[in-house]
Amino acid sequence: MKYALVTGASRGIGRAVALRLAAQGLPVIINYHSNHEAAQAVAQEIVQAGGRAELLPFDVASPQAIEAAVDQWEQQHPDDHVAVLVNNAGIRRDNVMFMMGDDEWHQVLDTTLNGFFYLTRRLLKHMMPRRRGGRIVNIASLSGVKGMPGQTNYSAAKAALIGATKALAQEVAARQVTVNAVAPGFIETDMTRDLPQDELKRLVPMGRFGTPDEVAAAVAFLASDAASYITGEVININGGLYT
Ligand code: NAP
């Protein structure tokens with residue numbers, strides 16, 4: 001059976017993506033780092049709506065944790081494979097660059113960029129053989145498209161993720177694996193809770209932040225059969241803030 005794996009699916013955009021993919025009929029593997037209760041609640045919501053969900057916690061920044069978790073999942077699912085991978089887990093550690101600590105730089109790169117590399121490389125083993133096909137959707141950011149002051153670490157990680165999306169798309173296209181990204185602007189989640197929202201909303205032509213589900217709708221489309229000839233693309237989802 002084909003599964004979808006969504007990293008960072010316990011909250012925010014990842015949670016909305018997991019709910020959408022489950023509603024499209026895919027059994028969903030909910031990855032998270034430490035927030036077990038929130039992840040459990042997402043799984044329950046999916047099951048109550050008639051879908052299938054299971055939890056698979058691991059730190060995307062740890063190649064050892066990824067190997068252990070995926071190995072274990074494979075042992076428990078000998079006839080199944082991951083056909084849809086959504087690389088969504090991400091963190092912010094904002095600071096102006098002249099004050100930025102090594103840890104702030106590395107934590108953001110390790111989670112967003114290295115996490116994408118470790119997990120995608122591992123799960124390509126599920127998608128490449130026998131032209132099984134697959135869908136990889138990476139959650140980038142407006143910050144990686146235009147750059148945001150105070151976010152050199154985050155902008156660098158997200159811009160690199162976009163570059164990797166375009167390169168990998170060309171590598172695996174012949175195996176019917178598509179690789180795309182979405183680049184959200186300001187979305188209402190825990191990640192943006194501490195920002196001066198009233199000030200920032202005035203910068204957005206639509207006058208508001210987006211919702212996680214408005215991002216999830218585009219991700220679910222890119223993960224669907226309907227998007228079979230779209231690869232290497234970046235969809236901006238930002239209320240007209242920057243296009
Ligand atoms: P969020 O509400 O802060 O949720 C972050 C999720 O990532 C949580 O499920 C968290 O798990 C998980 N996570 C964090 N570090 C992890 C790690 N090392 N390993 C595994 N899971 C980890 O964030 P969000 O706003 O939904 O953001 C989701 C993605 O969208 C991120 O990549 C972010 O950069 C991107 N994005 C967000 C916005 C925005 O405005 N919100 C805009 C553009 C792009 P726990 O619950 O266990 O901590």
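These numbers were taken from a predicted model, which means no experiment stands behind them. All residue numbers here refer to positions counted from 1 along the written sequence of the relevant chain. The predicted nature of this model means local features are confined to residues of pLDDT at least 70 and side-chain atom pairs, given and counted, to a pLDDT of 80 or more, with totals for whole chains, interfaces and linings taken over all residues. Just so you know, side-chain values use all the structure's heavy atoms and leave hydrogens and water out.

K.L.:
Could you give me a rundown of the pattern of salt bridges, with the residues and numbers involved?
P.N.:
Any Lys or Arg side-chain nitrogen located within 4 Å of an Asp or Glu carboxyl oxygen qualifies as a salt bridge. In this structure the tally under the stated criterion is ten salt bridges. Salt-bridge contacts for D71 lead to R122; the nearest nitrogen and oxygen are separated by 2.8 Å. Of this pair, D71 sits in helix α3 (residues 63-76) while R122 sits in helix α4 (residues 102-127); the two residues are 51 residues apart in sequence, bridging distant segments of the chain. Each residue gets one of three labels from its accessible area relative to the maximum for its type: buried under 20%, exposed over 50%, partly exposed in between, using a 1.4 Å probe on protein chains only. The class for D71 is partly exposed, based on a relative accessible area of 31%. Classification of R122 by relative accessible area gives buried; the value is 5%. Salt bridges here are not isolated pairs; linked through shared partners, they connect E67, D71, E74 and R122. Only DSSP runs of H or I covering at least 4 residues are called helices, and only runs of E covering at least 2 are called strands; the numbering of each starts at the N terminus.

K.L.:
Tell me about the site of the ligand, and please be specific about residues and values.
P.N.:
Near residues are defined by distance, with any heavy atom within 4 Å of the molecule or strand qualifying the residue. Contacts to the ligand come from 32 residues, most closely from S10, S34, N88, Y154 and T189. N or O atoms within 3.5 Å of each other form a polar contact, as long as, within protein, one can give a hydrogen and the other can take it, and as long as residues adjacent in sequence are counted only when both atoms are side-chain atoms. Contact distances for the ligand include 3.1 Å between an oxygen atom and a backbone N or O atom of G8. Between the ligand and I187 there is a distance of 2.8 Å, counted from an oxygen atom to a backbone nitrogen or oxygen. Using a 1.4 Å probe, accessible areas were evaluated by the Shrake-Rupley method; residue-level cover was limited to the displayed protein chains. Taking 900 Å² as the accessible area of the ligand by itself, protein coverage stands at 94%. Buriedness for pockets is judged along seven lines, at least five of which must meet protein on both sides within 12 Å for an open set on the 1 Å grid over protein atoms alone, while cavities are sets there where a 1.4 Å probe fits but cannot get out, and lining residues have an atom within 4 Å of a point. For this analysis, a molecule is said to be in a pocket or cavity if more than half of its atoms are within 2 Å of the grid points defining it. In this structure, the ligand is accommodated by the largest pocket. Every element with two or more residues in the shell around the ligand is listed here: α1 (12-23) and α6 (152-172).

K.L.:
Summarise empty space enclosed by the protein; cite the residues concerned and give the values.
P.N.:
Grid points are joined across faces, edges and corners, and a volume is the space filled by probe spheres set on the points. In this structure the tally under the stated criterion is one cavity of 30 Å³ or more. Estimated volume of the largest cavity: approximately 70 Å³. Along the wall of the largest cavity there are 13 residues; nearest its centre are N87, A89, T111, T112 and F116. Mapped onto the lining of the largest cavity, the elements with two or more residues apiece are α4 and α6.

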